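# Survey of secondary and tertiary structure
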Amino acid sequence: MWSEKERQELDKILEKYPPDRKMSAVLPALYVVQRRKNYLTDDDIKDVAEALDVTVTHVHSVIGFYTLFRKEPTGKYMVQVCTDLPCALRGAEDFYHRLCERMEIGSHGGTTDDDLFTVEGVVCIAACDKAPCMQINLEFFESLTDDQIDEVIKRLRQGESLTAVAANY
Amino acid sequence: MSKVLDRHLIFRHRDIENIQNIDTYIKDDGYSALKKALKEMKPVDVTNEVKSAGLRGRGGAGFPAGVKWSFIPKDIFPKYVVVNADESEPGTFKDREIMEKNPHLLLEGIALCAYAVGASASYIYGRGEFLSTFRPLQQAIDDAYKHGFLGENILGSGFSLDIRLHLGAGAYICGEETALLNSLEGLMGQPRNRPPFPAVAGLYAKPTVINNVETLSGVPYIILNGIDAYRKYGTDRSPGTKIFSLSGRVNRPGNYELPLGTPLRHLVEECGGGVIDGKQVKGILPSGAASSIMGGDKLDTHLDYESMVEAGSMLGSGSVIILDETINGVWAAKKNIDFFRHESCGKCSPCREGTHWLKSVYTKIVDGHGTKQDVDMLGTIIGQMEGNCFCPLGEFVVPGVRTSLGLYMDEYLEMVAGNEEASQPQKDLIHTFF
Ligand code: FES
């Protein structure tokens, strides 16, 4: 069910597109409902389908196509470390594996026991000159040392807001 | 700043602090091009000016922007300007800097384009990862509305324009313009058949101009200062400046705005401070993962559309990735194949299956189990992909593998040396497939 606040947000989104082109709002609408749990449930998907007059099947096909939508639970923070070629040329793969090991999730990514962090390697995020770089819930963290990322993780663990932490990097 | 450019045309924020602030931007002649166009020029004059200045698409294809605009039919409404901000090519990070640091330049460029083609609505399509990049951009849009540079009846001219932001959700293929349009319409971002071309039937089947962020950001300078001023930079056939995203094994990776035609060596050595630890350049990928790799001996090639083609590669989006002698050429090629495999949209089988097989074979070789036969197989696979893929993404895979095989064959052979040919050819690969 759409909350009052979400409904207002959706109305603002819909204003961007011609009235007979509501389907254009499918990606933005999915972002809104994905914020509820950090992943998409069947109910969320139905909400989007109904609000935009499209089929549930269509919404599923869209979700499957794009990497930023998830149907499985993840940690509260998605830590996405770029390991693509330009970053890998500057040591990003080792950085990523070391980070995973320090977070005790094996060396190839996964979710921490407290369900706070899901760490994964991703393709280029347009910060290749600032490797090693990553996004945490889509906020950029760039040119990081091991110590700096540990500090970021520590502050998030202590409950500081992501925006506050991101502002320092 | 580089020696050859005394004034940035696009990266004005590097000369002037706080230019993302609308007042600072206006003080630096910001929105003067728009004022000039609305007051003194007919829409067709704007198109002609951009055409004569020779501004070419900076997203990769290099198609002349003014010519693209002139394809838009006059008598069909509404028309759209769609900005391709889906910057996803590995090694490319220039559009992000423009949008974060000099957003009004882009907005002014969009307004000029919209005026030229008669569009009253524009969408900026950014990759989903640009959530934070879109914050300063949205701020800039709000400020531009407040100052009357966007919205109804701009500066009393009768011309109106709305600019809206739209975020994708993680798919490289959406940088292909028809896939981008599908994505913007709420579909899977798969490419469309052409014809019809977007100029005739693009967004919502209406005439649509699609230009890259950097391309549109080049327009205000041309309109304000004229063709000759613009053509002072660059070469005859590749006029103006271009932003090069330099990454990989150099001391100072980063974005550098240079006149087209600048030698690659200048970018790598002067701007980038040379290779880390003074090593030799082993390979150059001048247009991201989709590059034909150039050998280190090609450093004296000039960075313009024509010279790069002559040297066996292309200028593309200007994402220059440097490999040095510490890097294994096979590993580098495999990294790019991993990328393309991940990003293949699955629509056509040459790309979907081709990238799958390439990844399997590369993994086998890099893991130390490959044979000479596997190396040959790589050539066979790209031979079957070439010319058969539905869209450019699939075709992008071919040159990197081909040039990698050409330049680094010794390393391929070294990696497979001593491994027996499979008695039943490729059986192990077939297993990975099923
Ligand atoms: S390759 Fe890592 S951000 Fe581009």
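About the thresholds
Residues numbered from 1 in each chain as written. Chains lettered and ligands numbered in written order. Predicted model: local features only at pLDDT ≥ 70, side-chain atom pairs only at ≥ 80, totals over all residues. Heavy atoms only, no water. Buried < 20%, exposed > 50% of the residue type's maximum accessible area, 1.4 Å probe, protein only. Helix = DSSP H or I, 4+ residues; strand = E, 2+ residues; numbered from the N terminus. Contact = heavy atoms within 4.5 Å. Buried area = accessible area lost by both parts, 1.4 Å probe. Salt bridge = Lys/Arg side-chain N within 4 Å of Asp/Glu carboxyl O. Polar contact = N/O pair within 3.5 Å; in protein donor to acceptor, adjacent residues only side chain to side chain. Domains from an automatic or database assignment. Nonpolar A, V, L, I, M, F, W, Y, C, P; charged D, E, K, R; others polar.

### As for helix H3 (residues 42-52) of chain A
Within H3(A), burial applies to A:Asp44, A:Ile45, A:Asp47, A:Val48, A:Ala49, A:Ala51 and A:Leu52. Of the surrounding elements, those touching the buried residues of H3(A) are helix H1 (4-14), helix H2 (26-34) and helix H4 (56-65) of chain A.

### Comments concerning the interface of chain B and chain A
In many reports, interface size means the accessible area that the parts give up when they come together. Opposite the 59 residues of chain B that make contact, chain A presents 39 residues. Overall, the association of chain B and chain A removes approximately 3800 Å² of surface from exposure, summing both partners, and the carbon and sulfur fraction of that is 59%. Between the two partners, chain B and chain A, sit 3 salt bridges. In this structure, A:Glu93 and B:Lys335 form a salt bridge, with 2.6 Å as the shortest nitrogen-oxygen distance. Linking chain B with chain A are 25 residue pairs in polar contact (both at pLDDT 80 or more). Looking at the side of chain B that touches chain A, the elements that each hand over two or more residues are strand S3 (162-167), helix H8 (177-184), strand S5 (241-248), strand S11 (319-324) and helix H13 (329-343) of chain B.

### Re the pattern of salt bridges
Going through the model one piece at a time under the given rule, you end up with 41 salt bridges over all chains. Residues B:Arg402 and B:Glu386 are paired through a salt bridge, measuring 3.0 Å at the closest nitrogen-oxygen approach. Linking B:Arg402 in helix H16 (residues 392-416) with B:Glu386 in the loop between helix H15 (372-385) and H16, this pair joins segments that are 16 residues apart in sequence. Among the charged side chains, a network of salt bridges with common partners joins A:Glu6, A:Arg36, A:Asp44 and A:Asp47.

### Considerations on the domain arrangement of chain B
Residue and element names in this part refer to chain B. The domain architecture assigned to chain B consists of domain 1 (12-231), domain 2 (241-324) and domain 3 (329-416). With centres defined by C-alpha atoms, the gap from domain 1 to domain 2 works out at 27 Å. On the side of domain 2, 21 residues touch domain 1, which itself brings 17 residues to the contact. Where domain 1 abuts domain 2, roughly 1400 Å² becomes buried across the two surfaces, and 48% of that area is made up of carbon and sulfur atoms. Counting every contact that joins domain 1 to domain 2 gives 2 salt bridges. Between Glu-306 and Arg-56 there is a salt bridge, with its nearest N and O atoms 2.8 Å apart. On inspection of domain 1 and its partner domain 2, the count reaches 13 residue pairs in polar contact (both at pLDDT 80 or more). Per-element tally for the side of domain 1 that touches domain 2: the top contributor is helix H5 (residues 94-101), with 3 residues. Looking at side-chain class alone, the side of domain 1 that touches domain 2 contains 4 nonpolar, 6 polar and 7 charged residues.

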